[in-house]
Each structure stands twice: as structure tokens, then as C-alpha cells.
Amino acid sequence: MKAVISGNDAVSRAVKLSRVQVISAYPITPQTTISEKLSEICGSGELDAKFVKVESEHSAMATLIGASSTGVRTFTATSAQGLALMHELLFWASGARLPIVLVDVNRAMAAPWTIWCDQTDSLAQRDTGFLQFYCWSNQEILDTTICAFKIAEALALPCMVCFDGFFISHTHEVVDIPDQTEIDEFLPPRKAVTKLDPADPRTFSGGTLPDNFMEFRYKLQKTFERAGQVIDDTFGEFEKRFGRSYKNIETYFIDDAEAVLLASGSAASTVYHTVRKRRDSGDKIGFIKLRQFRPFPETELLSMLKPGVAYGVLDRNLSPGTGGVFTQEIRALLNRNGNPARIGEFIAGLGGRDITTANVERIFAMLKDGAAEDSEIHWIGLKEH
Amino acid sequence: MTDFDYFKYHESCGHAACPGCGEKILLRHILETLGPDTVIVAPAGCAAVTDGIFPHTASPVPFLHVPFGATSSAAAGVRAGFDMQGKEKTTVLAWAGDGATFDIGMGALSAAAERNENILYVCYDNEAYMNTGIQRSSATPFGSWTTTTPKGHLKKEPKKNIDFILASHGIPYIATCSPAFIDDLKRKAEKAKNLNGFRFLHVFSPCPPGWKSDPKDSITIARLAVETNIFPLFEIENGSKLRLTYKSQGLPVSEYLQLQGRFSYLKDNEKEKIQSDTDSLYKSLIDRESSKTRSKIVLED
């Protein structure tokens, strides 16, 4: 069935199709309409789930830690300050190996107050042990959220599905909504390896001394190292069943490109559009869309990035004092592997500022003029200051 | 009462609590009452640490460790998860100290009480952050020494009245309990077990290292806390019906204070203040018990 729905509505539909059993969330713009819709469908019985309406995001994640420990499928959604308030619990969810799925509707972190989009909120959670995906369309949100449960449960890892606040969350698009029976075949009920059970009493997440803690972290790292394959296989199976393909990195006209931009989220639409338009004028430019951030698709990126091409990373986030998070990750990856490809750094779209086709054209022009060779942070769309 | 034998499950692994610890006595008797179809949810605190270090555990029932301020919410999540699997009868026992209850977990506690979550919350109250080494909490009484209320800067504020705060939520059951009155404790635990909704047991938990008392005196101190009306035994049903469950002898508070080094810096006038505050709080309990018209406990009088 096809429907014209918002990005947030795509999440609610995915949660329903995934037969989530316990939901807990706290309202925050621009996530709120997800909580509202889920309240409706839990209340009406359309989805057989408990929605625990807590007093904070800290409690939302704590509730899911409790619920997920009993073996059920769990979900929450949040944004910005709410995600930051969960920070402590995010480490706990991954350390306890709980396959909680969290949707983060990207919003910049205050101060000063803003409800508008950038990706600093979720990228600042990169060390918490959550898998992370960045979506650019409502169809992708629906499909990725469903796959997130399957991936999280296969790996016993929590998973964060991110997309840009307002630009995607409140934009309506045509979405193909799968039948429940098809999703039930693709995503059977969760089978927890261990769980809270009075018939089989176990203690979870108790105190460790220096002779044990490192092994827990080593196992977590090892799981992330094999996560890429599980993710590829899951989206591969999804493609076979539903005909829609998702790769950890998606490319557009990169084979003969002299300048290539890398970006994630809603900015991808603008870059696609600009590249197509400039290609018509003979510009040899291309695009790499970053979809998966944790685990970072290192092998695929390394095989793509070649010396002689001017690369630029469009970062809709800021790690103050350093720059863009995606740029750091990619430069570190190249450096570790002795890959001499050069990366220019472009900060744009913070706090909801539009990333326009003119901005993207300007970036490509700067790349042609050697911006990939310098180590400057190039601010795009910045006003006189 | 069930025939659940706590010690049967403890043959091979013991807990690591200090000698004279009230918390373990209370846990033992409450678990004996609740039986094996119980799950413990516990935050950072003495109970979490003394249950055992990985891979050891002293708990005979499933034990979920959760972050410090997360007790009530995580317990509500366990409840929701069990309910979705038809395990409505399993008791979800939130087991938290006064730091986790009176302080860092207060928002989540109030929220879970307001939602009337079907959990049994036990606060083992040793009146300070004992696990981190005796720092003041809002459960620390007036005049007490702790490492953050040192000599010359003893705690100036009275203990937060958690029972009345919870009562104002109108929850089905609140009771105070003492390890010196085990029959009373077990009766209240049994009553709480058989009710639905948010149930709160506030249990008095002597702490020899934190209170600078002799481990052999723990039960004596707990008994004196009740007999001096420092820690009266009562229960409140539906936030309104208060009943004192034990008539104390009304001994002078000095008999309670003198057994504990934490009160050794008190001046005479401060001891008199503790006596008069104790008397007036106890009188307010008696007034509330006899008042038939009051629909809810109000805090302002």
C-alpha cells in the first residue's frame, strides 16, 4: 500500500509493523508526533504494546533497559537535549547488550535554544556503543527502522536510526508500506539469549573488577567488527523480499569524477540534484552518500577514495575545537591505512540553516580550486560576523 | 507466607555486606515473604555492590543492576515486559537506598508513583551515601556527622519526609519497617505483595560504619529508633488512611543518639531540638491516625 506520510509517521508505521511490545518516550520537538501517533495506536489496540509515559528521556531509556531485559522488543524516539539526557543510559544499553531501537530526529544542541536541525546530537553519542544509520527519505526511514530491529536483535546491540528534524521528519512523501504478513516473515518475534526469568535466576550487569571489565569491552568491539556483515545481509534479505536496496554507502557518478562530495541526511537530496544538474553542463563531479556511521563502513570507503580526486565532506555538525565529525572519521581512516586521498572540510547547515544548491555548487567550486588540499575548516553559508 | 528458604539458595555464595548491616537482614526477610517469583531491580548502592562481584551473585532471584537514578523507571519497564508476556503475578521488587530514592531517583520515583506502576519499591534507608563513604543525603537527619557534614558543619536540615511525599501521590500502600520488628515487617511485606499498584516500604537500615556504631548494636539501635519515635512504625493506605502499627514506649531520643558516633558532636540544645522535632512529628502522626475526615495527608500543617 502506498501512502503520503511524514518522516515521523514512517517511524510510527515501522514500529507497528515490527510488533514492538514496550515503548517509552518523552515529548520533544521535532520528535513529538512519533510519541503522539504511537500513543494513539497503543491506546486503540491497533498495536498490542505497553507505552510507558515517563517524566524524562533518562527514564524512557531506563524503562526500555528494564523491559528489554525481560526479552521483549522495545522502542523509543527522541531528539537533541533528550538524547543527551539519555547519554548515561545509552552506554548501559550497549554494555548490557540490549537490542533497543532508538529513533533520533536530529536537532542541534542548545545553548542557545534551537529546535532546528543539525546532527551534532547523535554524532556526539558515537562512543556509546549504538549502531547508527542516517536516512534521507521517508521510505528509507520506514525500511531502516524495521531492519534496525532485526539487526539489533541478531547482534545484541542497540541501534539508533537518525534523520534530520523538520527537513525530513515533517515533510510528506509517498511511502510504500509493506503488508504485515510480509514483515512478520522478515522479522519474527525476538528470541533473547538470556533474560530476566524467575525460573532461571541470573544477575545482570553486576560489579566487575579490573580482571573482567576489559573482556566485556573486547566482546563489544568484536561484535561491532562483525556487525557490517550482519547489516549487509539484513538489507540484502530486505531487498530480496521488498525490492528496495540499501547500502552502507551509496554513490552517484563517482567513476570519472574529479571532485566528489560526501554527505549524509537530507542534504543528500540537494547534492544529488546539484550533481545531476552540473553533470548536464559537463562538470565531472560525484557524490558519496554516507548512510551508516557505526560501524563506519571503512572497507567500502577505502576502496572508493583515491588520490587525485578532490574530496569534500559536508558536515552538518560541529565538534568545537576540531571541526566536523564525519571529516575526522574519514581523515583518520585514510591516515590509518596510508591512503593519500585528500579531504576538504565543509561545515554547513548548523541549527537548521538551509543547505542550498548554491551552497553545494560553491563547495564544488572550492574543491576545484584546491580546498581538498588545505586543512582549513570551510564554513558554508555563514553570514557576516 | 511462603516456604521459600532464602538460605537454601545461599549455600555456595555469600554476600559482602559489613557486619551488622541492616540491609541484608531486611532483604532476607522480605525475600522470604515474597517468594521465588520475584525479580530485583537495584541501582548503584550498597545492595548492588554487596550482592557480589561478577561472576558471583548472592541473590536467589533474578537481579537486574541499573544506573543510579533509574530504579523506578527500569522497574516499570520490567513490569511492562513481564505483563506483555503474561507474567502479571511476578513481583517486581525495586530495591534502592536512600540516595537513589530520596535524591537522584526522586523524579522517576514520583513519576512511577503517579502512574501507579504495579511495582513494590523498597527503600533501605541508612540515612546517607554509605557506599561512596558516608556523604550526606536528604535522608540524613539533623545534627548528623557525615564526611560532607563534618565536625563543625553538621547537617543543619531535617530529614526529608519521604513517606508523606509518597502519600501525597495517593498510592495504594506505604509502610515503615524495622529490622527490630520482623513480624511487623513481614506482615507489611505480605500485605504489599498482595496489593496491586505502586507499593512503598520504607525500611530502616542500620549502618555500623556510617553511623559509627558497634555492629552488635544494630538491632538495638533499630529498636530504639522505634521506641523513641525517631522512626515510628506505621502504614498508609491509598495515601490517606494512616495507622500506627506499633505503640512505642516513647523513650527519650538520647538513648538512641548515644549509641552512634555520628551524633557525638551534638550540643545539648541540639539534642533538645531533635527531641522536640521528634515529638511534634509523632504527634502529627497520631493526629492523622485519629482524623477521619482527612482525605489526603497534607504537608503544610
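Residue positions are counted from 1 within each chain, in the order its sequence is given. Lettering for chains starts from A, numbering for ligands starts from 1, and both go in the order in which the items are written. Since the coordinates come from a predicted model, pLDDT governs what is reported: local features require at least 70, and pairs of side-chain atoms require 80 or more to be given and counted, while whole-chain, interface and lining totals use all residues. The side-chain numbers reported here are obtained from all heavy atoms of the structure, hydrogens and water having been left aside.

### Quick notes on the sheet that holds strand β13 (residues 292-294) of chain A
Within a sheet, neighbouring strands are paired by backbone hydrogen bonds and run either parallel or antiparallel to one another. All names here are of chain A. Pairing between strands is defined by DSSP: at least two bridges between the two strands are required. Starting at the N terminus, helices and strands are each numbered in turn, a helix being any DSSP run of H or I of at least four residues and a strand any DSSP run of E of at least two. Spatially, β3-β2-β4-β5-β7-β6-β13 is the arrangement adopted by the 7 strands of the open sheet, whose pairing is mixed. Whereas interior strands pair on both sides, the edge strands pair on one side only; in this sheet they are β3 (50-53) and β13. Across the sheet, the mean angle from the axis of one strand to that of its neighbour is 20°, orientation sign disregarded. Sheet topology note: the strand β2 (residues 22-25)/β3 ladder contains 4 bridges and is parallel. When the bridges of β3 are listed, Ala 25 appears paired with Lys 53. Pairs of residues are marked as contacts when any of their non-hydrogen atoms sit within 4.5 Å. The axes are straight lines fitted to the C-alpha atoms, using for helices just the contacting stretch, and the angles between their N-to-C directions are given from 0 to 180°. Sheet contacts for helix α2 (residues 32-44): β2, β3, β4 (74-78) and β5 (101-106); angle to β3, the most-contacted strand, approximately 135°. Set on the sheet, helix α7 (residues 138-155) makes contact with β4, β5, β6 (131-134) and β7 (159-164); between it and β7 the angle comes to about 165°.

### Brief notes about the domain arrangement of chain A
Residues and elements named next belong to chain A. An automatic or database domain assignment supplies the start and end points of every domain. Each assigned domain of chain A is listed with its residue range as follows: domain 1 (2-242) and domain 2 (249-379). With centres defined by C-alpha atoms, the gap from domain 1 to domain 2 works out at 28 Å. Residue-level contacts link 27 residues of domain 1 with 28 residues of domain 2. Computed with a 1.4 Å rolling probe, the buried area is the accessible surface lost when two parts are put together, summed over both parts. For the domain 1 and domain 2 pair, buried surface summed over both sides reaches about 2200 Å², with 54% attributable to carbon and sulfur atoms. The largest share of the area that domain 1 buries against domain 2 comes from Leu 123, Arg 126 and Trp 136, three residues that together contribute 31% of it. Counted as salt bridges are all cases of a side-chain nitrogen of Lys or Arg within 4 Å of a carboxyl oxygen of Asp or Glu. Counting the contacts that link domain 1 with domain 2 gives 3 salt bridges. One salt bridge in this structure joins Arg 126 and Glu 329, with 3.0 Å as the shortest N-O distance. In protein, a polar contact requires one atom able to donate a hydrogen and another able to accept it; more generally it is a pair of N or O atoms within 3.5 Å, and residues adjacent in sequence count only if both atoms are side-chain atoms. Remark: the boundary between domain 1 and domain 2 carries 13 residue pairs in polar contact (both at pLDDT 80 or more).

### Quick notes on the sheet that holds strand β11 (residues 259-263) of chain A
Residues and elements named next belong to chain A. What the 6 strands build is an open sheet, ordered β10-β12-β11-β14-β15-β16; its pairing is mixed. Across the chains shown, the open sheet's two edge strands, defined by having one partner strand only, are β10 (249-252) and β16 (377-379). Shown here is a sheet whose adjacent strand axes are inclined to one another by a mean of 25°, direction ignored. As paired strands, β11 and strand β14 (residues 310-315) are joined by 4 bridges and run parallel to one another. Bridged to Ala 259 within β14 is Ala 310. This element, helix α10 (residues 267-280), spans β10, β11 and β12 (285-290) of the sheet and lies at about 165° to β12. This element, helix α13 (residues 357-368), spans β11, β12, β14, β15 (342-347) and β16 of the sheet and lies at about 130° to β11.

### Topic: the pattern of salt bridges
Under the definition given, this model contains 42 salt bridges over all chains. Across the salt bridge formed by Arg 241 of chain A and Glu 237 of chain A, the nearest N and O atoms sit 3.0 Å from each other. Here Arg 241 of chain A pairs with Glu 237 of chain A, and both are found in helix α9 (residues 213-242), just 4 residues apart, close to one helical turn. Classification of residues uses two cut-offs on accessible area relative to the type maximum, computed with a 1.4 Å probe and protein chains only: under 20% is buried, over 50% is exposed, and between them is partly exposed. The partly exposed category is assigned to Arg 241 of chain A, whose relative accessible area is 37%. Glu 157 of chain B serves as the salt-bridge partner of Arg 136 of chain B, at 2.8 Å between the closest nitrogen and oxygen. On the criterion of sequence distance, the pair formed by Arg 136 of chain B in the loop between β4 (120-125) and α6 (162-167) and Glu 157 of chain B in the loop between β4 and α6 is long-range, its members being 21 residues apart. A relative accessible area of 30% places Arg 136 of chain B in the partly exposed class. In this structure Glu 157 of chain B comes out as partly exposed when scored by relative accessible area, which is 38%. It is possible to trace a salt-bridge network through shared partners that takes in Arg 187, Lys 191, Glu 235, Glu 237 and Arg 243 of chain B.

### A word on unusual backbone geometry
Residues apart from glycine generally show negative phi values, whereas peptide bonds are mostly found in trans. Following Arg 294 of chain A, the chain continues to Pro 295 of chain A via a peptide bond in cis, the omega torsion being -5°. Residue placement: Pro 295 of chain A occurs in the loop between β13 and α11 (298-304). A cis amide bond links Phe 54 of chain B with the next residue in sequence, Pro 55 of chain B, at an omega value of 5°. Following the sequence through the fold, Pro 55 of chain B ends up in the loop between α2 (46-50) and β2 (63-65). Backbone geometry at Phe 166 of chain A places phi at a positive 65°, although glycine is not the residue there.

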